[in-house]
Amino acid sequence: MDILRRNNVKVIGSPGKPVVMMAHGFGCDQNMWRLVAPALAEDFQVVLFDYVGSGGSEPSAWDESRYAALDGYAHDVTEICEALDLRDAAFVGHSVSAMVGVLAAAAAPERISSLAMVGPSPCYIDDDTYRGGFTAEDIDELLESLESNYLGWSAAMAPVIMGNPERPELGEELTNSFCATDPAKARVFARTTFLSDSRDDLKSVAVPTLVLECTEDVIAPREVGAYVHAAIPGSRLVTLDATGHCPQLSAPEATAAAIRAFVQDLR
């Protein structure tokens, strides 16, 4: 199967400029970058795509066993890089895609030379020495609710995840994105996301890394941003003057500016 069609790959910006590859999180697709990507395309070549099972990806390419682990999504990334023959790309990963980027950069260091993590979390579940923001019981309840009534879960949870209650249109957009995702595939991606533990993988990060967090984020609290920053030597931590888990929608100008500054500083 053609990889670019499989993952609904789109490339904008000018050929020959540094490459920025942008990856969406759970329940979303490349449309979540629509307010950031055009601004970055003024200075970079921007690669957008949908993971298999999301957005405009090829439905027949879905394989539950492949996408029941973050490695499956990382394989999508490295295969897209190979299909486009990308070199020294900056990978921008939102939410769970930040950890997908860690795996992809380790697998293809010649293709991904830096990471920008937007609202990253290597583990969502608290333990004795780590605060991920949720108890194991919280995650069990979240997944049970999602699996029993995905559309109802989406309508209830998307505005909470988005934050910014004074701007309800943002929560509605995330709700619509969640609801457009096939429930069976979303259930698999949700389990892969919320039950993953990538803390050990952070130790392998050997590329320049930006950790981009918001002042308030129920999915990735600031303690998590501090943990990721401390775990990756030499990483840069930037706290946006924004709230919620999707600053690319709630604060697109600030998000684009932080990513642009990070990538330009590497050149």
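The sections below set out a description of the structure shown in this document. (Residues numbered from 1 in each chain as written. Predicted model: local features only at pLDDT ≥ 70, side-chain atom pairs only at ≥ 80, totals over all residues. Heavy atoms only, no water.)

Side note on the sheet that holds strand S4 (residues 89–94)
Then step 1. Judged by pairing direction, the sheet is mixed, and its 7 strands sit side by side in the order S1-S3-S2-S4-S5-S6-S7 without closing on themselves. Each end of this open sheet is capped by a strand with a single partner; those strands are strand S1 (10–12) and strand S7 (236–243). Taken pair by pair, the neighbouring strands of this sheet meet at an average axis angle of 20°, ignoring direction.
Then step 2. Relative to strand S5 (residues 112–118), S4 is paired through 6 bridges, and the arrangement is parallel. Within S5, the residue paired with Phe91 across the bridge is Leu115.
Then step 3. Packing against the sheet, helix H3 (residues 70–84) makes contact with S1, strand S2 (19–23), strand S3 (45–48), S4 and S5, and its axis sits at approximately 150° to S2. (Pairing = 2+ DSSP bridges. Helix = DSSP H or I, 4+ residues; strand = E, 2+ residues; numbered from the N terminus. Axes fitted to C-alpha atoms, helices over the stretch in contact; angles between N-to-C directions. Contact = heavy atoms within 4.5 Å.)

Some thoughts on the packing of helix H6 (residues 150–162) against helix H7 (residues 168–179)
Then step 1. One can describe the packing of H6 onto H7 by two numbers: an axis separation of 8 Å at closest approach and a directional angle of 145°. Of the two elements, H6 crosses H7, and the hand of that crossing is right-handed. Contacts from Tyr150, Leu151, Trp153, Ser154, Ala155, Ala158, Pro159, Ile161 and Met162 in H6 reach Leu170, Gly171, Leu174, Thr175, Phe178 and Cys179 in H7.
Then step 2. Residue composition of the contact of H6 with H7, grouped by class: 12 nonpolar, 3 polar and no charged. (Left-handed = near helix turned anticlockwise from the far one by under 90°. Nonpolar A, V, L, I, M, F, W, Y, C, P; charged D, E, K, R; others polar.)

A word on the packing of helix H5 (residues 136–148) against H6
Then step 1. Relative orientation of the contacting elements H5 and H6 amounts to 125°, with a least axis distance of 5 Å. Taken together, H5 and H6 sit at an angle that is classed as oblique. Packed against H5, whose contacting residues are Leu142, Ser145, Leu146 and Ser148, the element H6 presents Tyr150, Trp153 and Met157 at the interface.
Then step 2. Grouping the amino acids of the contact of H5 with H6 by side-chain chemistry returns 5 nonpolar, 2 polar and no charged. (Parallel < 35°, antiparallel > 145°, perpendicular 65-115°, else oblique.)

Structural notes on the state of the cysteines
Then step 1. Enumeration over the complete set of coordinates arrives at 0 disulfides.
Then step 2. For the unlinked cysteine Cys214, the closest cysteine sulfur is that of Cys246, found at 8.6 Å. (Disulfide = S-S within 2.5 Å.)

Re the pairing of S2
Then step 1. Burial analysis of S2 places 5 of its 5 residues in the buried class, the great majority of the element.
Then step 2. A two-sided burial pattern is seen for S2, the buried positions comprising Val19, Met21 and Ala23 on one face and Val20 and Met22 on the other.
Then step 3. Strand direction decides the pairing type here: S2 and S3, joined by 4 bridges, are parallel. In the sheet register, Val20 faces S3, and the bridge partner there is Val46.
Then step 4. Relative to S4, S2 runs parallel, the two sharing 4 bridges. Bridge assignment links Met21 to a residue of S4, and that residue is Phe91. (Buried < 20%, exposed > 50% of the residue type's maximum accessible area, 1.4 Å probe, protein only.)

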